[in-house]
Amino acid sequence: MRDVINDNEMVALNLAGHRLPLPPEVARLVRAQRDQCQARWQLDQTASTTPWLFPGQEPARPLGATYLNLKLRRHSIAPRAGRNNARLALATALPASVLGDFNSTSNATRWTGYARRDWLDYIASRTQI
């Protein structure tokens, strides 16, 4: 819950030291979730030293990815579409060889193909270094 940044201008998530601003509707949901979880954690601090933004049935464990996906879909938030848009944006900006460091090579190659980006100039510049 310490990774939810709520200043007067926006609500953001702190992801590995980077602020990710949230759209207003998502920010409202994250604020409500944080407040609810903070109250629940205050009641059972002995179970965990870290308050989870999405606690599981046991307060010391986070909510599972499958259940979190279901909860987001109830609020008309499509996590898969957002993830796919992010992958496509990365594939547009980076060659498959770089994406492969973050994911499998076959997955990176497939997403680069979806982006229809020609990386011949990049390869040529790398051979000249």
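Further up the page is the structure itself.
Everything in this summary refers to the structure shown in the same document. (Residues numbered from 1 in each chain as written. Predicted model: local features only at pLDDT ≥ 70, side-chain atom pairs only at ≥ 80, totals over all residues. Heavy atoms only, no water.)

### A few points about the pairing of strand β2 (residues 11–15)
Summarising the sheet, strand β1 (residues 4–6) and β2 pair through three bridges and their orientation is antiparallel. Across the sheet, Ile5 pairs through a bridge with Ala12, a residue of β2. Of the strand pairs in this sheet, β2 and strand β3 (residues 18–21) are connected by four bridges, and their pairing is antiparallel. Across the sheet, Ala12 pairs through a bridge with Pro21, a residue of β3. Hairpin connection from β2 to β3: two residues lie between these consecutive antiparallel strands, with Ala16 at a positive phi of about 55°. (Pairing = 2+ DSSP bridges. Helix = DSSP H or I, 4+ residues; strand = E, 2+ residues; numbered from the N terminus.)

### Some words on the nonpolar core
It is characteristic of soluble globular proteins that their nonpolar side chains tend to be buried jointly. Core analysis: the largest hydrophobic core is formed by six residues, namely Val4, Val11, Leu22, Ala27, Val30 and Leu53. Grouped together as the second largest cluster of nonpolar side chains are five residues, Ala91, Ala96, Leu99 and Ala108 included. (Core = buried A, V, L, I, M, F, W, Y, C linked by side-chain atoms within 4.5 Å. Buried < 20%, exposed > 50% of the residue type's maximum accessible area, 1.4 Å probe, protein only.)

### Some remarks on the environment of Asp3
Summarising the element assignment, Asp3 is placed in the segment before β1. Judged by its relative accessible area of 41%, Asp3 falls in the partly exposed class. For Asp3, the residues in contact, after removing those within four places along its chain, are Ala12, Leu13 and Asn14. (Contact = heavy atoms within 4.5 Å.)

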